[in-house]
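Coordinates in review
Each chain, letter by letter, is given below.
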Amino acid sequence: MSLAFGTRKGSDEADAGPTGPAAPSTQHLLRRKRRREAARTLAFLSPWLIGFSVFFVYPLVSTAYFSFTSYNGFGTPVFSGLKNWDYVFNNLPTFWQGLRNTLWLVVVMVTLRVVFGLGIGMLITKVKTGAGFFRTAFYLPYLAPPVAATVAFAFLFNPGTGPVNHLLGELGLPQPGWFASPDWSKPALTLLAMWGVGDLMVIFMASLLDVPREQYEAAALDGAGPFQRFRYVTLPNISPIIMFAVVTGVIQTMQYYTQAIVAGKVASGIAGGSGQPFEPGFPNGSTWTLPQMVYKLGFQSFNYGAACVVALVLFAISMAVTSILLRRRSGFMASDD
């Protein structure tokens, strides 16, 4: 019995001998492998991480910090608490006017650009001859420099001497004031944005040409009309592109600056020349936007704290609208079911 017991014990020790020291070694090798894979991944991601940190995280954190300080860009920032926030929201009436104008442009301009770009893209995909000419004709305005395009539009839509109002008068139609009228300045800017819709047109054309022809044929065999084919075949296939156009359009319009200020200058008679006094937002603040306020507060009034507050408001609104669009995407995207 003792011999048998001793033999069994020796056998157990022999079995445990190779596996005991091997287990920590295997775990150590696995940890080293994971560390090497993590280091390799970080090495590939490092260009993006550096760019993201330098051009997004650092400016965002700095903007949030300066919004709670009194800072003119030259001295040392002095902590002032919520003083800048109170000043912007309660003692700066042009902030609310700029916010209303900016949101108006986001809602109207983005919607019309997406609808118009999709419509032009659908029409060109149906053209049998001359499609290349029409693609070029509709895309070229997008390549025009924003300042030059805005100056040209301001002269074309001049209420007194512009050819647009002259043509409307010949047809017996009303002649709006366009950029010189508070009621028509934002619609005129929207027309300018729709004129340069070539970028969206190209994107929508590519997505429309990618829709399987078999689905259209099957829908036609089932008796679906043009509207039904668009609703149940075209939209589900291009809905991700529509979402992309809407989200990027919202972000771009929240930064709307150049066209609004150039149109106001031209319409007010200040087409150029340094040293001429000009108050942005002409006429009557109708083209005043929050990006213009950021520039005026930061680089003209040297009130960096208040400018950072307005910039953070723009960022927060952009993030909120984008999140809502991505979460409640049923109006733009096809159902995932």
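The following paragraphs examine the structure supplied in this document. All figures in this text were calculated on a predicted structure; none of them were measured in a lab. (Residues numbered from 1 in each chain as written. Predicted model: local features only at pLDDT ≥ 70, side-chain atom pairs only at ≥ 80, totals over all residues. Heavy atoms only, no water.)

What follows deals with the overall build of the protein. A count of helical and extended segments in the protein gives 13 helices and two strands. Of all 337 residues assigned to the protein, the portion counted as buried reaches 33%. Put simply, 66% of the contacts in the protein that link residues at least 6 apart link residues at least 24 apart. Within the structure as shown, the protein displays about 20,500 Å² of accessible surface, and the carbon and sulfur contribution to it stands at 66%. (Helix = DSSP H or I, 4+ residues; strand = E, 2+ residues; numbered from the N terminus. Buried < 20%, exposed > 50% of the residue type's maximum accessible area, 1.4 Å probe, protein only. Contact = heavy atoms within 4.5 Å. Areas by Shrake-Rupley, 256 points an atom, 1.4 Å probe, with all protein chains shown as cover.)

All told, the structure shown has one salt bridge when counted by the stated rule. Here R113 ties to D199 by a salt bridge, and the two come within 3.0 Å at their closest N and O atoms. In this pair, R113 sits in helix α3 (residues 93-126) while D199 sits in helix α8 (residues 198-209), placing the two residues 86 residues apart along the sequence. (Salt bridge = Lys/Arg side-chain N within 4 Å of Asp/Glu carboxyl O.)

The next thing to look at is the nonpolar core. In this structure, F95, V114 and M293 are the most contacted members of the largest nonpolar core, which totals 36 residues. Secondary-structure elements contributing two or more residues to this core are α3, α8, α9 (213-221), α10 (226-253), α12 (290-300) and α13 (304-327). Non-local contacts of F95, meaning those with residues more than four positions away in its chain, are made with V88, F89, L290, M293, V310 and V313. With 21 residues, the next largest nonpolar core counts L105, Y256, I261 and V266 among its residues. (Core = buried A, V, L, I, M, F, W, Y, C linked by side-chain atoms within 4.5 Å.)

Together, L42, L45, W48, L49, F52, F56, V57, V61, F315 and M319 make up a nonpolar patch on the protein surface, roughly 880 Å² of accessible area in all. Of all the secondary-structure elements, those providing two or more residues to the nonpolar patch are α1 (2-66) and α13. Per-element accounting of the nonpolar patch gives the leading share, eight residues, to α1. Mapping L49 onto the fold places it in helix α1. (Patch = residues over 30% accessible without salt bridge, like charges linked within 9 Å, V, L, I, M, F, W, Y side chains within 5 Å.)

Right, let's get into a positive patch on the surface. On the surface, R31, R32, K33, R34, R35, R36 and R40 cluster together into a positively charged patch. With respect to the helices and strands, the residue R32 is situated in helix α1. For R32, a relative accessible area of 39% gives the class partly exposed. (Lys, Arg positive; Asp, Glu negative; His and termini not counted. Charge placed at Lys NZ, Arg CZ, Asp CG, Glu CD.)

Moving on to the environment of I120. Examined against the element boundaries, I120 turns out to sit in helix α3. The exposure class assigned to I120 is buried, which follows from its relative accessible area of 9%. Considered as a pair, I120 and V197 are 77 residues apart in the sequence and their alpha carbons are 9.1 Å apart. Sequence-distant contacts of I120, that is, excluding residues within four places in its chain, are made with F138 and M201.

Our next topic: the packing of α3 against α8. What describes two packed helices is the angle between their axes and the distance between those same axes. It is at 8 Å that the axes of α3 and α8 come closest, and there the two elements cross at 50 degrees. Compared by their axis directions, α3 and α8 come out oblique. Considering the relative orientation of α3 and α8, their crossing is right-handed. Contacts between α3 and α8 involve R113, V114, G117, L118, I120, G121, M122, I124 and T125 from the former and D199, L200, M201, F204, M205, L208 and L209 from the latter. Across the contact of α3 with α8, the residue classes break down as eleven nonpolar, three polar and two charged. (Axes fitted to C-alpha atoms, helices over the stretch in contact; angles between N-to-C directions. Parallel < 35°, antiparallel > 145°, perpendicular 65-115°, else oblique. Left-handed = near helix turned anticlockwise from the far one by under 90°. Nonpolar A, V, L, I, M, F, W, Y, C, P; charged D, E, K, R; others polar.)

So, on to the packing of aromatic side chains. This model, assessed by the stated rule, comprises 21 aromatic pairs. Ring plane angle 35 degrees and centroid distance 6.0 Å describe the contact between F68 and W85, whose orientation is recorded as tilted. With F68 in the loop between α1 and β1 (69-70) and W85 in helix α2 (residues 83-90), this pair connects stretches of sequence that are 17 residues apart. F68 gets classed as partly exposed once you look at its relative accessible area, which sits at 27%. The partly exposed category is assigned to W85, whose relative accessible area is 22%. Note on F153 and F157: the rings are 5.1 Å apart at their centroids and 20 degrees apart in plane angle, and the pair reads as stacked. Taken together, the ring pairs in this structure connect Y65, F66, Y71, Y257, Y295, F299 and Y304 into an aromatic cluster. The ring of W104 carries K186 above its face, with NZ or CZ at 5.7 Å from the centroid. (Phe/Tyr/Trp six-rings, centres within 6.5 Å; stacked < 30°, edge-to-face > 60°. Lys NZ or Arg CZ within 6 Å of the ring centre and 35° of its normal.)

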